[in-house]
Every structure is written in C-alpha cells, then in structure tokens.
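Geometric and topological summary
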Amino acid sequence: SSKKWRHILCVLFLFRYFIYLIIRYMVTKKLLQVAGMHCKSCEIMVRDAIEEIDGCHVESISSKTGKLSIMCSKDIPEESIQDAIHQAGYALHNE
C-alpha cells in the first residue's frame, strides 16, 4: 500500500545519505596545478602516475591549464602524490 512505499522510500533515502556521508569523510578532492604538461600524452603520463597510487582517481586533467583534479582516500600522504608527479617528469606549480 501507500504507507509501505513511503516507508521503503524513506529507508532508501536514509541509506543514500549514509553512503554519501561515508564517502565524504573517507575521500577528499584535491585540486593541483601541474607544470610542464604540453599535450594529451603529458596528460596520460600524469594520469597513469596518479592512478597507480592505490586509492587515487583522476577526475579531470588539462594540459592547456595545467589543472589536475583528483579524488583520494584521506590517508594518502601529499608526498605520495608529489612523488608520482615528479616520477612522471612533471612538477607542481606551488613547489
């Protein structure tokens, strides 16, 4: 009946909100400025280097602007990200 469906929808909404809170507190978004990227191949090299770090995912990257947006587990040290970018042959602008 209608009451049963309202209850189901309420439970689904609470479950969705609970998952949102878990993700929000376990994952952080980082916006970085990478120096030295000139083309699509550069983007691929930086993307591959970042995604080799367990718990990191590249959301977007642009060689034109040098902007890199990544999602990482909160326990990933900043040094790991910097090292991966350096090993790919690039640098962060704020260094």
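Residues numbered from 1 in each chain as written. Predicted model: local features only at pLDDT ≥ 70, side-chain atom pairs only at ≥ 80, totals over all residues. Heavy atoms only, no water.

**Topic: the overall build of the protein**
Summing up its helical and strand segments, the protein has three helices and four strands in all. Taken from the N to the C terminus, the helices and strands of the protein come in the order α-β-α-β-β-α-β. The globule rule puts the C-alpha radius of gyration for 95 residues at 12 Å, and the 19 Å found for the protein is more than 25% above it. Taking the principal axes of its C-alpha atoms as reference, the protein extends roughly 60 × 25 × 20 Å. Counting across all 95 residues of the protein, residues that qualify as buried make up 27%. (Helix = DSSP H or I, 4+ residues; strand = E, 2+ residues; numbered from the N terminus. Rg over C-alpha atoms; globule rule 2.2 N^0.38 Å. Buried < 20%, exposed > 50% of the residue type's maximum accessible area, 1.4 Å probe, protein only.)

**Looking at the pattern of salt bridges**
Counted according to the given criterion, the structure contains three salt bridges. Between Lys29 and Glu59 there is a salt bridge, with the nearest N and O atoms lying 3.3 Å from each other. Note that Lys29 is positioned in strand E1 (residues 27-35) and Glu59 in strand E2 (residues 56-61), a separation of 30 residues in sequence. The class for Glu59 is partly exposed, based on a relative accessible area of 41%. Linking Glu78 and Lys30 is a salt bridge whose minimum nitrogen-to-oxygen distance equals 3.3 Å. Remark: Lys30 occurs in strand E1 and Glu78 occurs in helix H3 (residues 78-87); sequence separation between them is 48 residues. Relative accessible area serves as the criterion here: at 30%, Glu78 is assigned to the partly exposed category. (Salt bridge = Lys/Arg side-chain N within 4 Å of Asp/Glu carboxyl O.)

**Regarding the side chain of Ser69**
Following the sequence through the fold, Ser69 ends up in strand E3 (residues 67-73). Setting aside residues no more than four positions away along its own chain, Ser69 makes contact with Lys29, Lys30, Leu31, His57, Val58, Glu59 and Ser60. (Contact = heavy atoms within 4.5 Å.)

**Remarks on the nonpolar core**
The biggest cluster of nonpolar side chains holds 21 residues, and the ones touching the most others in it are Ile50, Leu68, Ile81 and Ile85. Residue assignment for this core shows that the elements contributing at least two residues are E1, helix H2 (40-51), E2, E3 and H3. Element by element, the count of residues in this core is highest for H2, at four residues. Excluding its chain neighbours within four sequence positions, the residues that come into contact with Ile81 are Lys30, Leu32, Ile50, Ile53, Ile70, Cys72 and Ile76. (Core = buried A, V, L, I, M, F, W, Y, C linked by side-chain atoms within 4.5 Å.)

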